[in-house]
Amino acid sequence: MKKPLCGAILFFLLSGCYTPINNSGVATTKPWLEVSGKRTGFDGKQYDSCYRFNVRFWPQEAAENIDLKDACISACCWRADKEEITLDFNKNFEADLAIHGRARKYSPAKITFKVSHSNLVNTTKVTTDPKGAVSNSGLIKLTYKEYENPARLAQIASHARDLENSRQVVLNASPKTASAKKRTAATRPAPPDYTELAKALVHRRAGAKIDAYFYQMDKTYKKQGAVFLLSDRILRARAGATAEEYTVSCQAKARTGIDAQHLRASTFSCGTWSVNVTAQTVTPDDKRAQMILGK
């Protein structure tokens, strides 16, 4: 009688930690751990299952450093293939700092999930390191510090000035006859402001999509009980290879926080766009712009 009694005691002690049974008929120790499928042997015992972490991030930008599919967040993973998953939020820090001149460093830098299953109580268990890194509702809350690379920022600014100077040389050069080249600056008509035209094209062609992107972001923040206060979008244009080609970067300033009393300034990218002012075309030039445009 001792073994059945011990088994019953163990079952009731553990059952207090379980969430409702998933669609696969398997219980989990955390509400944010989902089990969508399982594999069983001839004896009816489970030897594998497909699990997913139904988690969200604060700040949301931290998720940009994670392959959500590979991390078993946007798709389920078979436990036999992956029993341990590590989210590395700072893996792109050095590269981003070197390329863009600015980057965030998050804390905790890494979060590790370990998944196991007990056939005795038909329950899949997940542990996290560091402990408590994920709230019971599935929120991964991170802190971060922003770093700058002054040398790279100066290089980017210098490159932008060089492009602008090259554009001015192209605009001021006349392809016409020698007599036309002798016109004085006072009589030569001023060239059109292609910089403003490039920004206007992005606003006209992609503005609605950009607004929709931030509207969805605002909804997500509200769903998490957080605050997202967006200010005006900022467009910056730099000349391209020819006089009619431009690259326009979009950023938005915002204040975000867990509540209205704890807001901090943040900058959000709304994509980089390639513009041809002659052809009147605007195309996405990075992954963020592609996502916003739905491509």
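Structure shown above.
We now turn to the structure provided with this report. Since the structure is predicted, the reported quantities are computational estimates derived from the model, not experimental observations.

Turning our eyes to something else, we now look at the pattern of salt bridges. Going through the model one piece at a time under the given rule, you end up with 9 salt bridges. Put simply, Arg39 and Asp48 hold a salt bridge, and the shortest N to O gap is 3.1 Å. Overall, Arg39 belongs to the partly exposed group, its relative accessible area being 34%. Look at Asp48 and you get buried, because its relative accessible area is 2%. Residue Arg104 pairs with Glu146 through a salt bridge whose shortest N-O separation is 3.3 Å. Of this pair, Arg104 sits in strand β7 (residues 102-107) while Glu146 sits in strand β11 (residues 143-148), and the two are 42 residues apart along the sequence. Through salt bridges with shared partners, one network takes in Glu61, Arg104 and Glu146.

Look at helix α5 (residues 194-223): 41 Å from first C-alpha to last across 30 residues, which is about the 44 Å you get at 1.5 Å a residue. The first or second residue beyond α5 is Gly225, which carries a positive phi of 80°.

In spatial order, the strands read β1-β9-β8-β6; together these 4 strands make up an open sheet with mixed pairing. The open sheet has two edge strands, β1 (27-28) and β6 (84-88), and neither has a second partner.

Moving on, we get to the environment of Arg264. Within the fold, Arg264 resides in strand β14 (residues 263-276). Classification of Arg264 as partly exposed rests on a relative accessible area of 41%. Linking Arg264 and Ala254, residues 10 residues apart in sequence, is a C-alpha distance of 8.3 Å. The contacts of Arg264, once residues within four sequence positions are left out, are Tyr144, Ala254, Arg255 and Thr256.

The next subject is the side chain of Thr247. Along the chain, Thr247 falls in strand β13 (residues 245-257). According to the relative accessible area criterion, Thr247 is buried, its value standing at 15%. Each residue touching Thr247, except ones within four places of it in the same chain, is listed here: Arg236, Ala237, Arg238, Thr272, Trp273 and Asp285.

To continue, consider the state of the cysteines. Disulfides are covalent bonds that link the sulfur atoms of two cysteine residues. Under the counting rule described, the total for this entry stands at 3 disulfides. The partner cysteine of Cys50 in its disulfide is Cys76, sulfur to sulfur 2.1 Å. Given an S-S torsion of about 85°, the disulfide between Cys50 and Cys76 has right-handed geometry. Here Cys50 is found in strand β3 (residues 46-53), whereas its partner Cys76 is found in the loop between β4 (56-58) and β5 (77-78), with 26 residues between them in sequence. Shown here is the disulfide that connects Cys250 with Cys270, its sulfur atoms set 1.9 Å apart. On the S-S bond that ties Cys250 to Cys270, the torsion sits near -80°, and the link is left-handed. Of the two residues, Cys250 sits in strand β13 while Cys270 sits in strand β14, which places them 20 residues apart along the sequence. Residue classification places Cys250 among the buried residues on the basis of a relative accessible area of 2%. According to the relative accessible area criterion, Cys270 is buried, its value standing at 0%. Across the chain, the way the bonded cysteines pair up, counted in sequence order, is 1-3, 2-4, 5-6.

Note on placement: Glu34 falls in strand β2 (residues 33-40). There is a polar contact of 3.2 Å between the side chain of Glu34 and the side chain of Asn54.

With that settled, the discussion passes to the pairing of β14. As judged from the 12 bridges shared by β13 and β14, these two strands associate in the antiparallel manner. Following the sheet pairing, Glu245 is matched in β14 by Asn276. The turn joining β13 and β14, which pair antiparallel and follow one another in sequence, is formed by 5 residues. As defined by bridge partners, β14 adjoins strand β15 (residues 281-284) across 4 bridges and the pair is classed as antiparallel. Residue Asn276 lies in a different strand from β15, and its bridge partner there is Thr281.

Here Trp58 and Pro59 are connected by a cis peptide whose omega angle stands at -5°. As for its position among the elements, Pro59 is in the loop between β4 and β5. In this chain, Ser107 is followed by Pro108 through a cis amide linkage whose omega measures 0°. With a phi close to 60°, Gln280 is a non-glycine residue in the positive phi region. If you trace the backbone, Gln280 turns up in the loop between β14 and β15. A residue is classified by how much of its surface remains accessible, and Gln280, at 28% relative accessible area, is partly exposed.

How each quantity is defined
- Residues numbered from 1 in each chain as written.
- Predicted model: local features only at pLDDT ≥ 70, side-chain atom pairs only at ≥ 80, totals over all residues.
- Heavy atoms only, no water.
- Salt bridge = Lys/Arg side-chain N within 4 Å of Asp/Glu carboxyl O.
- Buried < 20%, exposed > 50% of the residue type's maximum accessible area, 1.4 Å probe, protein only.
- Helix = DSSP H or I, 4+ residues; strand = E, 2+ residues; numbered from the N terminus.
- Expected span 1.5 Å × (residues − 1).
- Pairing = 2+ DSSP bridges.
- Contact = heavy atoms within 4.5 Å.
- Disulfide = S-S within 2.5 Å.
- Polar contact = N/O pair within 3.5 Å; in protein donor to acceptor, adjacent residues only side chain to side chain.

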